[in-house]
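Coordinate inspection notes
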Amino acid sequence: MRDRADRWDYLLAGALGLLTVLSRLPYRARMLYNWDAVQFALALREYDVVKHQPHPPGYILYVGLGRIVNAWLHDPTAAYVLLAVACSGLTTFVVYLFARGIYDRATALAAASVLAVSPLFWFYGSVGLTYAGEALFASIVAYFAFRALEGSQADAWLAAAYLALAAGMRQSLLLLLLPMWLVACVLGVRRARTVPIGVAILGALTLLWFVPMVALTGGLGRYLAASAYLADSVVRPTTIATGPLETTLRMSRYLLESVLVALGPLALATLLVPRFVRRGGWGRREWLLLAWIAPPVLVYTLVHFGQAGYVLTFLPALVVLLARVLVTALADAAVLARRRALGPALTAAAVVLVVLINGAFFVNARPLPRDFDPSKPAWRLTAEHEAFDWIFSRTAAALHEHEEVVRTFVDAIRGLYPPEETVVITELGNARSYPWLRHAMFYLPEYSIFELRVGELPPGYYAPQLASDILPSPDRDVRLPARTRRVVWFVDHWAPSVAWPAGLVEVELPYGRFLYTLPIDRRPVAYAGYTLVRDR
């Protein structure tokens with residue numbers, strides 16, 4: 001029978017949680033990080049899933065918490081970042097108690113310490129996105145699911161209640177965490193009424209946030225239509241059932257790279273898992289952890305993996321499991337050396353080493369420069385771009401550079417070109433640029449903005465100032481306001497497949513970016529299959 005957590009454990013958990021919060025503050029984001037972050041910020045002004053404010057499936061409780069904090073701070077970026085910082089500290093606290101409950105104090109200290117400085121967990125605890133909250137609620141559900149595994153029916157129902165709240169934060173958690181809850185109920189409580197009552201609790205609490213979310217969207221029909229559009233345009237192309245095998249392999253690679261960034265040297269403990277299993281270390285607790293890890297991994301591999309933050313769904317479980325494997329292996333090594341007292345010292349040394357390496361990577365690693373040299377082999381360019389996107393992009397320096405890039409674009413456009421005679425163009429499908437539409441909408445609201453689909457995407461454009469939803473217009477004739485005197489491209493680099501229009505001016509910006517400007521008169525301009533023409 002394992003010892004229960006005592007006041008020292010709560011003090012240790014609280015101290016590690018506080019240190020987690022303090023470590024995020026110097027590196028916290030001052031600007032909205034990515035497309036999704038901007039959509040959450042726009043939702044504070046107007047909640048409309050059809051407009052992707054935020055995008056489906058809605059994130060109603062997350063936006064609700066954001067509105068509460070924003071009412072105090074009056075700064076959407078700061079509001080969501082504060083939520084992420086708080087959730088990351090609470091996650092460390094809960095993970096310590098979870099690991100202490102299923103294992104021991106040494107494993108809890110190792111797991112919570114390593115998780116706190118995980119570069120991926122640190123990064124997403126510093127930007128205004130849902131993933132730190134996702135890690136928190138997944139850990140809370142797991143904490144009560146384990147107590148259900150020990151035979152507590154009340155905790156099984158509490159786990160169901162927290163699962164409903166988790167789904168209100170991020171709806172995909174309902175699917176991803178439900179298997180873990182079912183495993184805990186079936187293997188632990190073993191009473192016929194546990195699962196039905198738990199499902200009833202889950203359903204009732206889910207309806208409490210689902211009904212208002214659908215009502216705010218304008219009805220179930222509009223909500224389902226918006227969700228179907230996102231699924232067809234984003235999820236369907238990456239699903240193994242409808243997408244190419246190459247896409248599935250690429251997502252698997254992205255997932256593996258993100259996990260390696262999240263774990264750092266702790267990933268080497270996976271080599272000790274077979275030994276851990278052979279010596280009898282695998283039991284019901286480990287099956288519960290596997291039921292937490294496996295569903296997200298399968299979904300992210302076979303269905304959709306959008307960004308590295310998805311890993312935080314199961315990262316706490318993976319850290320706890322590998323910390324246990326490491327602690328057990330080092331304790332066994334001390335026994336073999338006939339110096340049992342050496343075990344804690346070896347564990348402490350290993351944990352400190354992992355903490356220092358992960359912390360140094362997050363704080364000191366610099367993002368790699370973009371290189372589009374066509375003379376390089378394709379495999380090398382792919383490796384370099386993946387290293388940029390999935391390894392070195394989740395560090396403090398990468399976050400700072402990203403914010404400076406946004407600030408430079410915004411300041412340059414606003415400082416050089418009056419909004420009443422300037423149109424801003426962003427691009428979707430440009431392989432050499434991030435799609436900056438949402439940032440332009442948030443930071444340049446006084447400008448007319450058009451997002452053009454280029455590259456391999458079907459033609460069409462989206463003009464937020466003219467639209468009541470997120471659907472692009474299939475028209476190739478882009479009607480610019482009558483007072484337009486110039487068009488400015490808000491892109492990192494010019495698309496390689498698109499010819500330069502006559503008269504285009506290129507202005508070099510810091511961090512290897514460029515601003516492209518084209519004077520506009522009454523003559524139509526041909527660009528990437530579109531005709532840009534000024535209204536009379």
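Attention in this report is confined to the structure presented alongside it. (Residues numbered from 1 in each chain as written. Predicted model: local features only at pLDDT ≥ 70, side-chain atom pairs only at ≥ 80, totals over all residues. Heavy atoms only, no water.)

1. Things to note about the pairing of strand S9 (residues 530-534)
Counting buried positions along S9 yields 4 of 5 residues, so the element is predominantly enclosed. By the bridge criterion, 4 bridges tie strand S4 (residues 477-480) to S9 in an arrangement that is parallel. In the sheet register, Arg-479 faces S9, and the bridge partner there is Val-533. Pairing geometry for strand S8 (residues 525-527) and S9, over 3 bridges, is antiparallel. Bridge pairing in S9 links Ala-526 to Thr-531. The turn joining S8 and S9, which pair antiparallel and follow one another in sequence, is formed by 2 residues; a positive phi near 50° is taken by Ala-528. (Buried < 20%, exposed > 50% of the residue type's maximum accessible area, 1.4 Å probe, protein only. Helix = DSSP H or I, 4+ residues; strand = E, 2+ residues; numbered from the N terminus. Pairing = 2+ DSSP bridges.)

2. With respect to helix H14 (residues 284-302)
Over its 19 residues, H14 extends 27 Å from the first C-alpha to the last, a length consistent with the 27 Å expected when each residue adds 1.5 Å. Along its buried surface, H14 packs onto helix H4 (76-102), helix H7 (131-149), helix H9 (172-189), helix H12 (245-263), helix H13 (273-278) and helix H15 (315-336). (Expected span 1.5 Å × (residues − 1). Contact = heavy atoms within 4.5 Å.)

3. Let's talk about the pattern of salt bridges
A full pass over the atoms with the stated rule returns 19 salt bridges. Across the pair Glu-246 and Arg-250 runs a salt bridge whose closest N-O atoms are separated by 2.6 Å. Of the two residues, Glu-246 and Arg-250 are both situated in helix H12; the distance of 4 residues between them amounts to about one turn of the helix. A cluster of three or more residues bridged by salt bridges with shared partners is formed by Asp-6, Asp-9, Arg-100 and Arg-105. (Salt bridge = Lys/Arg side-chain N within 4 Å of Asp/Glu carboxyl O.)

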